[in-house]
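# Close look at the chain arrangement
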Amino acid sequence: MSPQTAAPLDIEGVTVAFGAVKALDDVSFSVQSGHVHGVIGPNGAGKSSLFNVISGVYRPSAGEVRLDGMALTKLRPHEVAGLGIGRSFQNVDLAGEESVLESLLVGRHDLMRSGVTAVMLGLPRARREEREHKARVTEIADFFGLADHLDRPLHELPYGQQKLVDVARAVCMEPRLLMLDEPAAGLDEAETDTISEIILDLRSALDLTVLLIEHDMGMVMKICDHLTVLDFGRRISDGTPSAVQSDPAVASAYLGTGEAAEIETGTAP
Amino acid sequence: MSDRLQKWDSRLLVTRALAVLGVLLLLVAPLYLEEFWLRLGFTACGAAIGALGLNILTGAAGQLSLAHAFFLAVGAVTYSWLAGDPDPAIGPTGLGWPPVVAMAMAIVVTAAVGLLVSPISSRLSGLYLGIASLALVFIGQHLLATLSGITGGFQGRSAPTFSVFGFEFSNQSELLVLGVPFGRYERLWYLGLLLLAVSAWAGRNLLKSRHGRAFRMIRDKELAAAVSGISVRRGKQNAFVVSSALAGLSGALFAIAIGSIAPVSFSLDVSIQYLVMIVIGGMGTVTGSILGAAVVTALPILTQRYGGVFPLVGDVVSPAAAARYLYGGALIAVLMLQPRGLAAVAGLVRRRAPSNSASEARPIAGGRAPVDPPTDTDALERKAPIT
């Protein structure tokens, strides 16, 4: 297989309803390949629902999601993952007992092929596959500064590093689109800078498209090429960070009218 | 390499030495032990293989199953029927297959039955799966009682002696090893050890592999597993089939150990005993399966035999009742003192010193100290998935 490249993502008229509540209401936008694209909005705006639709966890009642022209909306989550979408979670969603190495290798599951019988019998090709993938995972861990912690149980790491492991696990999937759900939540300023740098580095080193949910406005303004703003399940703004920032609709929905100044403060590092 | 050797913890060396010693003792045991112990050992080995199966399904993959007795029954019946005497003086007929083939078929057939059930089991989880799996035990009991041509009905049927290429695991032919006559249970002792060693090795390989990681991820974070590219249904199915296969082998060994099978040996009680084994042994570990099976198998038998040395036993309470009290008490004690089971106790002894990398001072909380931001984008190149 030839190396894959960053893929564009199209969201078209996506609606998700839980009973009478519409978590997403006819949301459309496009993510250009190679962009770091931010999705922002107040709590309950539908950001995580959007991620769940893209991942195949929720099936939308209307609309379509396409990765590089390929419809995702009928696929199950692991099939979506198999097409090259890696996702990290808001709360570290890994098993704490596992070592960092094992947590990262989980991301390689779909890239590995050995069957149950082959691994049980310890066949040479199964062992070789495991070795090769460990080597690649070690490279990625190195990139994240996690190489020294590979053998430690995940729960022994400080929270900031656990979040890095979760992002690294998604990168281990060799994705074309990397979806990050609040990677900076719960991190201090230095850690937030670190993760911002990592995201930009990853994008250029691995030729990725990045879709990012984040509340930290400073980070969003600094690293995003494009922003989509959701409020109550609807898209209320879409454009470059500076265009979105000066959009009155955003200011009123996001902060209440007259508090637009706060967004601007957020941009100052 | 040599400096790795130097870093070997002395405790690690001691545990290695103890392990080697333990294996040697197990290997020479039949020269010294009487039949009672050898028979108990073989039974425990068979049970350990079954417990390993359940531990992969319930301990590693988190799928609560009460159906283990059913799968044990499928293995036991398959072996007894396929290898059974085609023309016995009493009881149901068998097909007269070579016992080793019958044993292999016990594994295959039980795995196939597991596969057959897995479309249902892999769509359920938690208590719902537990209750649904209960149905299999009832169906099993019914089939055992009614398919009497194969199972022998309520009376059960005899289970044929095991043999490989004409070598019988019985007292028929004479065999002297270092002056010690090797009869049925001396021979079975080695069969049990060998099969358990192979199963444990395969089980450990599985748990260390991509499939083992998938099992644990499905158990702990099902959604994250799916989003990471793991097919949850497929994973549950794999765990179910492997678990069934090992139960099939365990069932066949059980039949061989007892020499006969009957429905009562595969009741719900047995499923629960296997759950007890993996819980007190240690969930999701190979060592835990073995320790748990050894304790659960041996404790009642030993208390019955040696319970008389305790005061009151025999006069006030019968040895059988004492065995139950002791068993129950031991169970509670393990769960209170070490909820992660006997394997965790063994792990404390075996545990290595903290690895060197962890002890080196490295700024952890500050995040990404070791990485130079790759202005050079070659630092991490995208690679095609390794195929």
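Residues numbered from 1 in each chain as written. Chains lettered and ligands numbered in written order. Predicted model: local features only at pLDDT ≥ 70, side-chain atom pairs only at ≥ 80, totals over all residues. Heavy atoms only, no water.

Moving on: the overall build of chain B. Counting its regular elements, chain B contains 16 helices and 6 strands. Counting across all 387 residues of chain B, residues that qualify as buried make up 48%. Partitioning the intrachain contacts of chain B with sequence separation of at least 6 by distance along the chain shows that 73% fall at a separation of at least 24. Roughly 19000 Å² of accessible area belongs to chain B as shown, and the carbon and sulfur atoms make up 66% of that amount. (Helix = DSSP H or I, 4+ residues; strand = E, 2+ residues; numbered from the N terminus. Buried < 20%, exposed > 50% of the residue type's maximum accessible area, 1.4 Å probe, protein only. Contact = heavy atoms within 4.5 Å. Areas by Shrake-Rupley, 256 points an atom, 1.4 Å probe, with all protein chains shown as cover.)

This paragraph deals with the UniProt feature "transmembrane region" (unreviewed entry) in chain B. Residues and elements named next belong to chain B. Look at the UniProt record and you will see "transmembrane region" (unreviewed entry) annotated at residues 12–32, 38–57, 64–83, 95–117, 124–144, 188–207, 239–262 and 274–302. Note that residues 64–83 is 80% helix and 0% strand, and that its end C-alpha atoms are spaced 32 Å apart. As annotated, residues 124–144 has a helix share of 90% and a strand share of 0%, and its two end C-alpha atoms lie 26 Å apart. (UniProt positions renumbered as here; feature names shortened; annotations may be inferred.)

Here we come to the packing of helix H3 (residues 35–60) of chain B against helix H9 (residues 210–220) of chain B. Residues and elements named next belong to chain B. Running from amino to carboxyl end, H3 crosses H9 at an angle of 45°, the nearest separation of the two axes being 8 Å. With respect to their mutual orientation, H3 and H9 come out oblique. Between H3 and H9, the residues in contact are Ile56, Gly59 and Ala60 and Phe215, Arg216 and Arg219, respectively. Per-class residue counts for the contact of H3 with H9 are 3 nonpolar, 1 polar and 2 charged. (Axes fitted to C-alpha atoms, helices over the stretch in contact; angles between N-to-C directions. Parallel < 35°, antiparallel > 145°, perpendicular 65-115°, else oblique. Nonpolar A, V, L, I, M, F, W, Y, C, P; charged D, E, K, R; others polar.)

With that out of the way, let us pick up the packing of aromatic side chains. All names here are of chain B. Within the structure shown, the criterion is met by 7 aromatic pairs over all chains. A ring pair is formed by phenylalanine 71 and phenylalanine 240, whose centres lie 5.7 Å apart and whose planes are at 85°; its orientation type is edge-to-face. A residue pair is termed long-range when its members are at least 10 positions apart, and phenylalanine 71 in helix H4 (residues 68–83) and phenylalanine 240 in helix H11 (residues 232–258) qualify at 169 residues. Their ring planes at 70° and their centres at 5.7 Å tell us that phenylalanine 254 and phenylalanine 266 sit as a pair that is edge-to-face. With phenylalanine 254 in helix H11 and phenylalanine 266 in the loop between strand E6 (260–261) and helix H12 (268–281), this pair connects stretches of sequence that are 12 residues apart. Taking the relative accessible area as the measure of exposure, phenylalanine 266 reaches 3% and is therefore buried. Put simply, the rings of Phe70, Phe71 and Phe240 touch in pairs and so form one group of aromatic residues. (Phe/Tyr/Trp six-rings, centres within 6.5 Å; stacked < 30°, edge-to-face > 60°.)

Residues and elements named next belong to chain A. Pairing is antiparallel across the open sheet formed by 4 strands, whose spatial order is E2-E1-E4-E5. In this open sheet, the two edge strands, each paired with only one partner strand, are strand E2 (21–31) and strand E5 (70–71). Pairing analysis gives 2 bridges linking strand E4 (residues 62–67) to E5, with the strands arranged antiparallel. Its bridge partner lying in E5, leucine 67 is registered against methionine 70. The sheet contacts of helix H1 (residues 47–55) involve strand E1 (9–18), E2 and E4, and relative to E1 the element is tilted by about 115°. (Pairing = 2+ DSSP bridges.)

Turning our eyes to something else, we now look at the domain arrangement of chain A. All names here are of chain A. Here the domain parsing of chain A yields domain 1 (1–84 + 176–264) and domain 2 (92–173). Here the C-alpha centre of domain 2 lies 26 Å away from the C-alpha centre of domain 1. Roughly 1100 Å² is buried in total at the junction of domain 1 and domain 2, and carbon and sulfur atoms are behind 80% of that figure. Together, Leu178, Ile198 and Leu202 form the three largest contributors to the area buried by domain 1 at its contact with domain 2, with a combined 31%. One can count 0 salt bridges joining domain 1 with domain 2. Counting every contact that joins domain 1 to domain 2 gives 2 residue pairs in polar contact (both at pLDDT 80 or more). Those elements giving two or more residues to the side of domain 1 that touches domain 2 turn out to be helix H2 (77–82), strand E7 (177–181) and helix H7 (189–206). A total of 6 residues in the side of domain 1 that touches domain 2 trace back to one element, the largest contributor, which is H7. Classifying every residue of the side of domain 1 that touches domain 2 gives 10 nonpolar, 2 polar and 3 charged. (Domains from an automatic or database assignment. Buried area = accessible area lost by both parts, 1.4 Å probe. Salt bridge = Lys/Arg side-chain N within 4 Å of Asp/Glu carboxyl O. Polar contact = N/O pair within 3.5 Å; in protein donor to acceptor, adjacent residues only side chain to side chain.)

As a further point, take unusual backbone geometry. Residue and element names in this part refer to chain A. In this structure, glutamate 182 takes a positive phi of about 50° despite not being glycine. Despite not being glycine, phenylalanine 232 shows a phi value in the positive range, around 45°. For phenylalanine 232, the position within the fold is in the loop between strand E9 (226–231) and strand E10 (234–239).

All names here are of chain B. For helix H13 (residues 286–306), built from 21 residues, the straight-helix expectation of 30 Å at 1.5 Å per residue is met to within 8% by its first-to-last C-alpha distance of 29 Å. Along its length, H13 shows its largest kink, about 30°, at alanine 298, and proline proline 300 lies within four residues downstream of that point. Sitting at the amino-terminal end of H13 is threonine 285, which places a side-chain oxygen 3.0 Å from the backbone nitrogen of glycine 288. (Expected span 1.5 Å × (residues − 1). Bend = angle between axes of the 7 residues up to and from the residue.)

All names here are of chain A. Read across the sheet, 6 strands follow the order E6-E7-E8-E3-E9-E10 without closing on themselves; strand pairing throughout is mixed. Looking at strand neighbours, the two that pair on one side only are strand E6 (85–88) and E10, the edges of this open sheet. The sheet shows a mean angle of 15° between the axes of neighbouring strands, direction not considered. Bridge count for strand E3 (residues 36–40) against strand E8 (residues 209–213) is 4 bridges, and the pairing is parallel. Bridging across to E8, histidine 37 finds its partner in leucine 211.

All names here are of chain B. Between the first and last C-alpha of H11 there are 38 Å, a value that for 27 residues agrees with the 39 Å anticipated at 1.5 Å per step. With respect to burial, H11 is a largely interior element, 21 of its 27 residues being buried. Within two residues after H11, glycine 259 carries a phi angle of roughly 90°, on the positive side.

Here the focus is the pattern of salt bridges. Summed over all chains, the structure comprises 17 salt bridges over all chains. The residue A:Arg128 makes a salt bridge to A:Glu132 at a minimum N-O spacing of 3.9 Å. Here the residue A:Arg128 and the residue A:Glu132 both occupy positions in helix H5 (residues 124–143), the gap between them amounting to 4 residues, near one helical turn. When its relative accessible area of 31% is taken as the criterion, A:Glu132 is described as partly exposed. A salt bridge links B:Arg305 to B:Glu34; the shortest N-O distance between them is 3.7 Å.

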